[in-house]
Amino acid sequence: MSTVRASARWIRADLRARRGQAILTVLAVAGIVTALITSATLLEDGTNPWRRLFAQTKGAHVWIHTEDAPAVAALSRLPGVEQVAGPYRTAPVTLVLDGKKSPVALREAAVQPPRVAAPLVREGRWLRPGDAGGVVVERSFAQAVGLRVGGPFPVTALSGASHPLVVVGLADSADQGFYPEWTPGLAWTLPATLAAIEPAQGRSESVTGLRLSDGEDTLPAVHGAVTLLDEQVQRMSTWREVRASMELDNRLLGLLLALFGAAGLVAAALALANATGGRVLTQTRDIATLKSLGYTRGQVFAVLVTEHGALGLLGIALGLACGRLVTTFTLDGLPILPLSPVPLLAITGGTAAVVLVAVALPAWRGGRTPPIPAAPAAPPRGRLSRLARLALLVRLPPALVLGTRDAFTRRTPAVLSVVGLAVPMMMITIGLGCWATLDDFLRHPERVGQAAALTVHPGRLPADEAARLARADRDVAAVYPGAEVSALEPEQTRSVLARALGTSAEPYPFSVAEGRMFAARGEAVAGQGLLDLLGAEIGDRVRMTVGGTPLIVHIVGRVVEPEHDGEVLSLGIDSLAAKDAVPPQFYGLVLRQGADPEAVRARLLAASGEALEVRQAVNPAERLAVIRVVIVALTVVLALLALANLLTASALGLRDHALDLAVLKAMGLTPRQVAATLVTGTGLLVVLGVTAGTAVGASVVAGLIDLQGHTSGVGAGIGRTPSALTLATAAGTAIGAALLVAVIPARRAARAQVPVTAR
Amino acid sequence: MSREAGGGRRRAADESGTDPVERGERPARDERPAERVRSGERPMRADPVVATVNLVKIYQNGGVPVPAVRGVDLRVERGEFVAIMGPSGSGKSTLVHMLGGLDPRTSGEIWLDGKRADTLGESAWALLRRKKIGFVFQFFNLVANMTVADNVELPALLAGASPREARERRERLLDALGLTGRADAAPAQLAGGEQQRVALARALANRPSLLLADEPTGNLDSRNTRDVLKLLGEVHRDGQTIIMVTHDARVASLADRVVSLLDGQIVDDGAVAAPRRRPKGTAGDVVELRG
Ligand SMILES: Nc1ncnc2c1ncn2[C@@H]1O[C@H](COP(=O)(O)OP(=O)(O)OP(=O)(O)O)[C@@H](O)[C@H]1O
Ligand SMILES: [Mg+2]
């Protein structure tokens, strides 16, 4: 290819002449690809450490907690069971560290790690034969309570005796979820140590893990175990629950990123098309010259696609690397599996295709440039002349009039510029909406069903006493008795949570989004997730087994339900059977306005002599805090895109007016007025784009968040539109920044000595 | 007179036009153009660099046909220096553009170095231009982002020369044009005359058989005009075939032959009006003449 060398020189020279714009293009595309990769990784569950942990520890799919050690041989003959872990004796103890008590399940473990569900030592070491008093602690628990290798691990047994143990190692495990989502914390010790701490067999339980040949199909093994062990079973857990508890709200984050990424891709395509198109327009004469030198149409096309496409592809490569870095190193330092090849290829290929199409269209037009460079590429006449005349009539400054006229002389680039600015601005507005929604979660937890800042479990006290203590506190506004039981839906295949809180006469202030609050026995409200699961609507009567008792539930409303994917049935405690309701399992405490939950908790603990168990509600927004980081990062990327568009628009404006500048000056405009004319032309596009983007973003954001809420089971009714002040500030900042950016080249052009020769 | 001649040629063109497939396909790979030309009933001594037969160009301007060139027969022999003159809008640029394939012709024939060229497609014309045709335009048309050196090396590289070859050729050319020192300058840093000399260097980089110049001095002051014309005279003396469009009779007087166009037709064609002032202007004469 003889043209390769010539083309390479041309491309090099051109890139050198517009270095800033080129870098901007690369960065913007890279940012978009990073967002897409990160979102796909999150959506693909790659951030959920469960997958990796389970594979590395060769985990068990089902864990059975029984009073006594079950018959291993019989368990291993159950359908689908491949291997059995344990049974391990486990004793409940309390870790008392700095006056803080944390429940711990102390589990026996052999010196030789087991073949199934072996904890993965991350720090320190595993247990050794002589380790009397040594424990290996599950890592998330150790982090939560501040344990270090070599540090003390003082525990109190049920008998009340204290034992000074020492942490010898920290290990990861897929046996149970992370602390504190999953309690009690887990620690392993040698059987001899365990026996010394809890000699009474009756106060410990036996834990057995089943590794199945097909993890998807846990039902036969679970049913088999229940039949086999019957009364012995205290509780069971499967890998699904473990995985769910390890999950951050990855899906929400992933969807948000995907939305931003996809919209960003559209914006990037527009920016690329605009940049390429603008470049082709400004270079019409150079391209014609190339053709007169012997470039064919196809070769011009190839050169343009190569130059502009290469920038995009470079951005994609950079984005792939960044995406890898982001998913490996940031996101909470969790171990993350890299994206599997199919979505990776899809993202790479898809973005590359978008980039190439965006570049190819203007490049094709460039290829069709007639080869007669003498033909002056004058801009078409202003189409807004009537508007301009009107502006003159009302005595607007001449710079404004001229600028207004100029803004739309080239219609396609103008529209591309406006849309190219509007799309990023729309996404930024949506990001602000997410931000506002999170703020709203934090400021008004009652709107997301978290009116009770504290829950009190009676612990060692009688329930009445606990309620009395809670009511006695000056900052407690209301106390609602509560109980949680599992409810089986009609087909009996899935159990959901039934939460009784308050009574029918005095219901807990759930956040009712549709319908009404329950007001009689047998009435209940449900989260969106449960309604979807049951295929039920408000007003339906559903037959369910609640806490083992058949009950016909009249669903009278839908509440905003941030927990358990919205698959929660909420009802009055008087609707439960007496065995579940009396005494209440816990009390939900609604505090007075402005009370500090931490202080109330401390007072309650003090008042009860540490006998009560007081938990603070975790606001879903706190778990979603990482979204704010994402919003900021994406805003930066989108701003880059907008900037790229802006530079194109202003370069095109300058080019079209290079000749007029001399004329304008000759007409008597000062350099400042000339600059103002140029800035007005670009600024008008900016104002249009930013205003349109903000308006569209603000009008769709609440709906989008509610849609996301609906699909995630939380239910609609959480979306918030950013305040008018925020919107105005954002739009104002964007316009201001854009004008500042436009001013620099305009001033330079206005100052420069303008050659009067043709271009 | 030109009308009659045009009429006769048109008939010839019609006859040979009875075999469009052969005519459309063969010229590009025809190894023996002379024979073909002979069979086209136009015997000739040696192949002219350019020959046109009844060349017509009609622009469509919003549905209204605008005839810019109306049946031009032009024959330029190797080594000739032809000036094309005529009032504005007479079709000079259009004619030159058609000769270089920048504008497709409406009808008629164009022969370059004895090969039929008007039937070529856009790409084939581009390939032809790389090797055989050099262009100089009124507004210099240097690629703004590239240095002078790169601008001049571009055609050589395009024609497949190695970077070393291209550099050597460029050094020689710039040397000859007295621009060695400006090799690394950007075109915008050069004066108009310098830019036009660079454009000339670029046009000559591939030793084209034909140099087409459309008002090369149209945008220059007298001093720069003199420099550029001096150069054109020199390359002509070295055997370069040149067709130059100009408005300026004094510039045209440098040529061997002046073709006058009016309304797209040749109204006068002859050697430079015998001794208009002097028999044959050399560059030096022009300098005196204009100075
Ligand atoms: N692209 C075009 N579309 C329509 N008409 C055209 C086009 N280019 C040239 N013409 C018309 O063709 C005629 C010849 O134009 P041309 O540019 O060849 O004249 P010229 O002799 O070069 O004039 P000048 O001395 O001003 O350069 C003119 O009437 C012109 O208006
Ligand atoms: Mg002309």
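Residues numbered from 1 in each chain as written. Chains lettered and ligands numbered in written order. Predicted model: local features only at pLDDT ≥ 70, side-chain atom pairs only at ≥ 80, totals over all residues. Heavy atoms only, no water.

1. Looking at the overall build of chain A
Across its full length, chain A holds 23 helices and 20 strands. Every one of the 759 residues in chain A was classed for burial, and the buried ones make up 53%. Counted over contacts in chain A with a minimum sequence separation of 6, partners at least 24 positions apart contribute 81%. A total of about 32,800 Å² of accessible surface is found on chain A, and carbon and sulfur atoms cover 61% of it. (Helix = DSSP H or I, 4+ residues; strand = E, 2+ residues; numbered from the N terminus. Buried < 20%, exposed > 50% of the residue type's maximum accessible area, 1.4 Å probe, protein only. Contact = heavy atoms within 4.5 Å. Areas by Shrake-Rupley, 256 points an atom, 1.4 Å probe, with all protein chains shown as cover.)

2. What to know about the nonpolar core
All names here are of chain A. Trp10, Ile32, Tyr295, Leu641 and Ile718 are the most contacted members of the largest nonpolar core, which has 70 residues in total. In terms of residue count, the dominant contributor to this core is helix α9 (residues 250–282) (eleven residues). Of the residues that make up this core, three or more belong to each of domain 1 (1–60 + 241–373) and domain 3 (382–445 + 621–759). (Core = buried A, V, L, I, M, F, W, Y, C linked by side-chain atoms within 4.5 Å. Domains from an automatic or database assignment.)

3. Concerning unusual backbone geometry
Residue and element names in this part refer to chain B. Of note, the phi angle at Asn54 is positive, near 50°, even though the residue is not glycine. If you check the backbone angles, Arg207 has positive phi at about 45° while not being a glycine. The exposure class of Arg207 is exposed, given its relative accessible area of 58%.

4. What to know about the UniProt feature "transmembrane region" (unreviewed entry) in chain A
Residue and element names in this part refer to chain A. UniProt tags residues 20–43, 252–273, 300–321, 342–364, 414–438, 625–654, 675–705 and 725–744 as "transmembrane region" (unreviewed entry). Helix and strand shares over residues 675–705 are 100% and 0% respectively, and the end C-alpha atoms of the span are 43 Å apart. Here residues 725–744 runs as 100% helix and 0% strand, with 29 Å between its end C-alpha atoms. (UniProt positions renumbered as here; feature names shortened; annotations may be inferred.)

5. Quick look at the environment of A:Leu24
All names here are of chain A. Summarising the element assignment, Leu24 is placed in helix α2 (residues 19–43). Here Leu24 falls in the buried class, since its relative accessible area comes to 10%. When the C-alpha atoms of Leu24 and Leu640 are compared, they prove to be 6.6 Å apart, with 616 residues separating the residues in sequence. Not counting chain neighbours up to four residues away, the residues in contact with Leu24 comprise Leu640, Leu643, Ala644 and Leu647.

6. Some words on the site of ligand 1
Residues and elements named next belong to chain B. What surrounds ligand 1 is the set Tyr59, Ala68, Pro87, Ser88, Gly89, Ser90, Gly91, Lys92, Ser93, Thr94, Glu215 and His247. Within the side chain of Thr94, a nitrogen or oxygen atom sits 2.5 Å from an oxygen atom of ligand 1. For ligand 1, whose free accessible area comes to 630 Å², the fraction covered by protein is 63%. Element by element, the count of residues in the shell around ligand 1 is highest for helix α4 (residues 92–99), at three residues. A breakdown of the residues in the shell around ligand 1 according to their chemical character gives three nonpolar, seven polar and two charged. (Near = heavy atom within 4 Å. Polar contact = N/O pair within 3.5 Å; in protein donor to acceptor, adjacent residues only side chain to side chain. Nonpolar A, V, L, I, M, F, W, Y, C, P; charged D, E, K, R; others polar.)

7. Digging into the pattern of salt bridges
Here the structure, examined in full by the defined rule, presents 33 salt bridges over all chains. For the salt bridge of A:Arg499 with A:Glu561, the shortest nitrogen-to-oxygen distance reads 3.1 Å. Within this pair, whereas A:Arg499 is found in strand β13 (residues 495–501), its partner A:Glu561 is found in the loop between β17 (549–559) and β18 (568–571), the two being separated by 62 residues in sequence. The pair formed by A:Arg499 and A:Glu561 is uniform in burial state, with each residue classed as buried. Among the ionic pairs, B:Glu194 bridges to B:Arg182, the shortest N-O distance being 3.2 Å. Of this pair, B:Glu194 sits in helix α8 (residues 192–204) while B:Arg182 sits in the loop between α7 (163–176) and α8, placing them twelve residues apart in sequence. Accessibility expressed as a relative area gives 16% for B:Glu194, which makes it buried. Classification of B:Arg182 as partly exposed rests on a relative accessible area of 28%. (Salt bridge = Lys/Arg side-chain N within 4 Å of Asp/Glu carboxyl O.)

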